[in-house]
2 protein chains.
Amino acid sequence: MQKKKEIKILRNNNPIGIFDSGFGGLTVMSAINKALPSESLIYFGDTAHVPYGAKSQNAIIKFSKDITSFLISNKVKLIVVACNTASALALPVLEKTLKVPVIGVIAPGARAAVDASKKLRIGIIGTEGTIGSKSYPKAIKKLAKAKTYQQSCPLFVPLVEEGLTDGEITDSVVKKYIKPLLAKNIDTLVLGCTHYPLLRKILEKNLEKNIVLVDSAKSTVLEVKRILEQKSLLASKSGKKYLKFYVSDNPEKFKKIGKRFFSKNITDVKKINLTN
Amino acid sequence: MQKKKEIKILRNNNPIGIFDSGFGGLTVMSAINKALPSESLIYFGDTAHVPYGAKSQNAIIKFSKDITSFLISNKVKLIVVACNTASALALPVLEKTLKVPVIGVIAPGARAAVDASKKLRIGIIGTEGTIGSKSYPKAIKKLAKAKTYQQSCPLFVPLVEEGLTDGEITDSVVKKYIKPLLAKNIDTLVLGCTHYPLLRKILEKNLEKNIVLVDSAKSTVLEVKRILEQKSLLASKSGKKYLKFYVSDNPEKFKKIGKRFFSKNITDVKKINLTN
């Protein structure tokens, strides 16, 4: 292994890399952009392989390795895995193999859930992959003696990607998925997928009022900030800041749909063929 | 270009190659297997990239080229593109570049629809990619002066893949998609996606009785048979026949879910990393 040189850099204007299977991670990127406005950000959406939710761990690890190699070649100083499925299934491997700090969304989400929950009865919704990995229950139980109840919601991503964030169909899908969790008397619900914040309103309509909804974006940003400070990696305020967007398929569609997730227009998106 | 030798072979025991984005094409493979029981069949399900429905034409062409190269390396004598999206977006390129006959599901489906329709008012449902390509209306209008009405149904594939082929949610999704087609007074409905035959019952429940449902599988088989006969490519009855299954991800899941589509158990599935 190459020996790292201990050079203390007080400011580092290299970009932060962020990736997801598609659009969902833009909600995390948007939060980072607001909280850390001096930071340059590079986003990669793996739209050739989207969705990750029902694919195998081997496949998710392979996709994640290819994407992070691309981000590293763009000199990122830190990587945010802004996808719950990839955080659940690939983060341990990335942490071992990459030389920059890697932050997933699950540990910060678990932290936020434990902080929000009074009765420590926590529901978690996510993709098949995330739920199957039991990553949230494990992360939560490291922090507190909590009861956790999981439910995979494989139709939520297709619904959001089709723009069906309200209406009769989505309402009946939400009711179906939420019912077993309500029966468990949860007081907190973790939105364990970066698509789900777009379903917040219809979820709130179907939940009892005392149930707190937790999404990882905010707490992930806090973790990013903490690590940048700790490692003296924050960008200088006077530096030239940029936002770049890359995808593995369909840049035009990404521009069009992405703005709903990013909360502002996305102008320049490049398509990249990863080595695999 | 290499010059083809004109050798007349009366029987050819090489396999037929069949591919799809995932499980859907197994409905076509099952029909071929029943109708042509002496033929060896090789199936490729591109489960690393599934679903194809909302991906770009460039991506679909690339995936299709990689898969057909693999099938050709397995000495297939004919290729069936058992996926409507790939038939709609990649077939013309494959026909130009491959040296074996290539059969898509759209022309046979259009033929079947025209044969079935009395009033020549034909509805077509399919993925975003298939509907956007207008392949069915074009193919139908080559055969008859028909009125065609299209509707993309992006939630149908996720519903089928989750096993939700009946029940309240699927019923309301079906109603939503079918409504504008019913208003057009159609007498025939083309199931323009190989997943949709699994929704036949719930579709029939929601359609008026006089509307005929058409799926491409049967007429695709007839076309396969016709080409094999015409080109003297039929297998000999005494030959050793086999069925092989390959996927780009998750062979275990393919075995489990695939049997619903193939109508019998699938025992041996191999995972293949295509060059891309």
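Throughout this document, residue positions are counted from 1 along each chain, in the order its sequence is written. The order in which chains are written sets their letters, starting at A; the order in which ligands are written sets their numbers, starting at 1. Under the rules for a predicted model, residues below a pLDDT of 70 receive no local features and side-chain atom pairs below 80 are neither given nor counted, while totals for whole chains, interfaces and linings still include all residues. The basis for every side-chain value is the complete set of heavy atoms in the structure, and neither hydrogens nor water enter the calculation.

**Digging into the overall build of chain A**
- Helix and strand counts for chain A come out as eleven helices and ten strands.
- The C-alpha extent of chain A, read off along each of the three principal axes, is 55 × 40 × 35 Å.
- Buried means the residue's accessible area, taken with a 1.4 Å probe over protein chains only, is under 20% of the maximum for its type, while exposed means over 50%, and partly exposed covers the values in between. When the 276 residues of chain A are sorted by exposure, 59% land in the buried category.
- In what follows, a contact means two residues having at least one pair of non-hydrogen atoms within 4.5 Å. Look at the contacts in chain A between residues 6 or more apart in sequence, and 76% of them connect residues 24 or more apart.
- Per element, the accessible surface of chain A, about 12600 Å² overall, is 52% carbon and sulfur. In this description a helix means any DSSP run of H or I spanning at least four residues, a strand means any run of E spanning at least two, and both kinds are numbered starting from the N terminus. For every accessible area listed, the method is Shrake-Rupley and the probe measures 1.4 Å; residues are considered covered only by the protein chains on display.

**Structural notes on the sheet that holds strand 1 (residues 16-20) of chain A**
Residue and element names in this part refer to chain A.
- When DSSP locates at least two bridges between a pair of strands, those strands are taken to pair. Within the open sheet, the six strands sit side by side as 4-3-1-2-9-10. Their pairing is parallel. Only two strands of the sheet have a single partner each, and these edge strands are strand 4 (102-104) and strand 10 (269-271). Within the sheet, the average angular offset between the axes of one strand and its neighbour, ignoring direction, is 20°.
- In this structure, strand 1 lies alongside strand 2 (residues 41-45), joined through five bridges in parallel fashion. Across the sheet, residue Phe-19 finds its bridge partner in strand 2, namely Phe-44. For helices, the fitted axis covers only the stretch in contact; all axes are lines through C-alpha atoms, and the angles between them, taken along N-to-C directions, range from 0 to 180 degrees.

**Section: the interface of chain B and chain A**
- Taken together, the contact pairs 29 residues of chain B with 28 residues of chain A.
- Between chain B and chain A lies a buried interface of about 2200 Å² when both sides are counted; carbon and sulfur atoms form 58% of it.
- Broken down residue by residue, the surface that chain B buries against chain A is led by Leu155(B), Glu162(B) and Ile169(B), which jointly contribute 22%.
- Salt bridge, as applied in this entry: a Lys or Arg side-chain nitrogen positioned within 4 Å of an Asp or Glu carboxyl oxygen. Here chain B and chain A share zero salt bridges between them.
- Per element, the largest residue contribution to the side of chain B that touches chain A is six residues, and it comes from helix 8 (residues 168-182) of chain B.
- Considering only residue class, the side of chain B that touches chain A consists of 15 nonpolar, seven polar and seven charged. Values labelled buried area give the accessible surface lost by two parts on being combined, using a 1.4 Å probe and summing over both. Polarity classes work like this: nonpolar for Ala, Val, Leu, Ile, Met, Phe, Trp, Tyr, Cys and Pro, charged for Asp, Glu, Lys and Arg, and polar for all others, with Gly in that last group.

**Digging into unusual backbone geometry**
All names here are of chain A.
- Between Val-50 and Pro-51 the backbone carries a cis peptide bond, its omega angle lying at -5°.
- In this fold, Pro-51 is placed in the loop between strand 2 and helix 2 (57-73).
- Even without being glycine, Ser-232 reaches a positive phi, approximately 50°.
- Tracing the backbone shows Ser-232 in the loop between helix 10 (216-230) and strand 9 (243-247).

**So, the environment of Ile124(A)**
- Along the polypeptide, Ile124(A) turns up in strand 5 (residues 121-126).
- Spatially, the C-alpha atoms of Ile124(A) and Leu213(A) are 9.9 Å apart, while their sequence positions differ by 89 residues.

**Topic: the packing of aromatic side chains**
- Geometry of aromatic contacts follows a simple scheme: Phe, Tyr and Trp rings, the Trp one being its six-membered ring, pair when their centres are within 6.5 Å, and the pair is stacked under 30 degrees between planes, edge-to-face over 60, tilted otherwise. Tallied over the full model, the rule gives 22 aromatic pairs over all chains.
- Here the aromatic rings of Phe23(A) and Phe254(A) are separated by 5.4 Å at their centres, their planes lie at 25°, and the arrangement is stacked. Separated by 231 residues along the polypeptide, Phe23(A) in the loop between strand 1 and helix 1 (26-35) and Phe254(A) in helix 11 (residues 251-262) bring together distant segments of the chain.
- When the centroid spacing of 5.1 Å and the interplanar angle of 85° are considered together, the rings of Phe156(B) and Tyr177(B) count as edge-to-face. Here Phe156(B) is found in helix 7 (residues 156-161), whereas its partner Tyr177(B) is found in helix 8, with 21 residues between them in sequence. Taken as a pair, Phe156(B) and Tyr177(B) share a single burial class, namely buried.
- Put simply, the rings of Phe23(A), Tyr43(A), Phe245(A), Phe254(A), Phe261(A) and Phe262(A) pair up and form one aromatic cluster.
- Here, a charge over a ring is recorded when the distance from Lys NZ or Arg CZ to the ring centre is within 6 Å and its angle to the ring normal is within 35 degrees. Taking NZ or CZ as reference, Lys244(A) lies 4.8 Å from the ring centre of Tyr242(A), over its face.

**Examining the domain arrangement of chain A**
Residue and element names in this part refer to chain A.
- An automatic or database domain assignment provides the domain bounds reported here. You can read the domains of chain A as domain 1 (16-104 + 219-271) and domain 2 (107-216).
- Contacts between the two partners involve 22 residues from domain 1 and, on the opposite side, 20 residues from domain 2.
- Note on domain 1 versus domain 2: buried area summed over both sides is about 1600 Å², and carbon and sulfur give 56% of it.
- Of all residues in domain 1, Asn-84, Ser-219 and Arg-260 bury the most surface against domain 2, accounting for 34% of the area lost on that side.

**Quick look at the relation of the copies chain B and chain A**
- We place the copies in one frame by least squares, fitting the C-alpha atoms of every residue whose pLDDT is at least 70 in both. Note on the identical chains: chain B maps onto chain A by a rotation of 180° and an axial translation of 0.0 Å, with an RMSD of 0.0 Å. Here the transformation between the copies is reduced to the relation of a two-fold axis.

**A closer look at the confidence of the model for chain A**
- One confidence number per residue, pLDDT, is output by the predictor and ranges from 0 to 100. Averaged over every residue, the pLDDT of chain A is 93; residues scoring 70 or more account for 96%.
- The ipTM value of the predicted complex is 0.84, and its pTM value is 0.89.

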